[in-house]
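Architecture at a glance
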Amino acid sequence: MTSVLILYMSRGGHTARIARRLCEHIDDAGGRAEMMDLVEAEHEGVDWSRYDVVALGAPVLYGKYDKSVIEFVTRHRTQLEAKPNSFFNVSVVARVPEKSTVAGNRYMQKFLQLSPWRPRDLKVIAGKVDYPAWPWLDRFMIRLIMRMTNGPTDTTAVIDYTNWDDVRAYGTHLLTLR
Ligand SMILES: Cc1cc2nc3c(=O)[nH]c(=O)nc-3n(C[C@H](O)[C@H](O)[C@H](O)COP(=O)(O)O)c2cc1C
């Protein structure tokens, strides 16, 4: 049975939800999956020998990745590259079809510039707009960004742009990585 570790960083919980769904889909498809956030992985350690495939996901926050993400992939590059591996990013800009591909998503290109880890597989996933859940400064800043990029500006909006069928397909795909 193929066993998959989904490592993730999540600020607002949506990437965590994606990781959880991936685990469910992998289990449904006959694999075995576990999820672990980067804080646990860094502080408690990872028993890499338990997994056949490793995926790591992170949201785009103000055009960047949380520094814990780049620190983790820098520190654990060798372990990540030792088995089939994949990186997925989560961003609202990926709601736009031409920005939902690896080539068209500049945040994916940015990750590849910043990360010494060279993932064998890459995936772009659209995230969630959740104005009511965001602190006022984030709400204000993201509204400005959305205004410039023709996104939603209604500060009561909660919009889940994630294509959950595609998340299912990605979960199954992870089981096929060699
Ligand atoms: C503070 C903040 C900054 C964000 N900046 C961007 C951004 O620059 N580009 C983008 O496409 N999405 C941006 N987003 C949207 C997030 O990538 C999206 O909400 C994602 O689902 C968040 O995942 P999380 O809940 O796991 O943290 C931002 C969200 C927040 C809260």
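The structure reproduced in this document is the subject of the present report.

Each value, and the rule that gives it
- Residues numbered from 1 in each chain as written.
- Predicted model: local features only at pLDDT ≥ 70, side-chain atom pairs only at ≥ 80, totals over all residues.
- Heavy atoms only, no water.
- 1 Å grid on protein atoms, 1.4 Å probe; cavity = no way out; pocket = protein on both sides within 12 Å on 5 of 7 lines; lining within 4 Å.
- Points joined across faces, edges and corners; volume = space filled by probe spheres on them.
- Helix = DSSP H or I, 4+ residues; strand = E, 2+ residues; numbered from the N terminus.
- Nonpolar A, V, L, I, M, F, W, Y, C, P; charged D, E, K, R; others polar.
- Domains from an automatic or database assignment.
- Buried < 20%, exposed > 50% of the residue type's maximum accessible area, 1.4 Å probe, protein only.
- Arc of directions from axis to C-beta.
- Contact = heavy atoms within 4.5 Å.

A separate point is the layout of surface pockets. Of the pockets and cavities examined, the largest pocket occupies roughly 900 Å³. Forming the walls of the largest pocket are 35 residues, and the residues nearest its centre are Val-60, Leu-61, Val-92, Lys-128 and Trp-134. Contributing elements (two or more residues each) for the lining of the largest pocket: α1 (14-28), β4 (85-91), α5 (106-114), β6 (128-130) and α6 (136-148). Here the residues of the lining of the largest pocket sort into 15 nonpolar, 10 polar and 10 charged. Viewed by domain, the lining of the largest pocket spans two of them, domain 1 (3-127 + 163-174) and domain 2 (129-161), each represented by three or more residues. Estimates place the volume of the second largest pocket at around 170 Å³. As for the second largest pocket, its lining consists of 13 residues, and the residues nearest its centre are Ser-100, Val-124, Ile-125, Ala-126 and Asp-166.

Of all the positions in α5, only Tyr-107, Met-108 and Phe-111 are classed as buried. For α5, the angular spread of the buried residues around the axis is 105°, confining them to a single face. Among the exposed residues of α5, those pointing more than 90 degrees away from its buried face are Arg-106 and Gln-113. Here the buried face of α5 lies against α3 (67-75), β4 and β5 (121-126).

Just distances and angles here, no functional claims.
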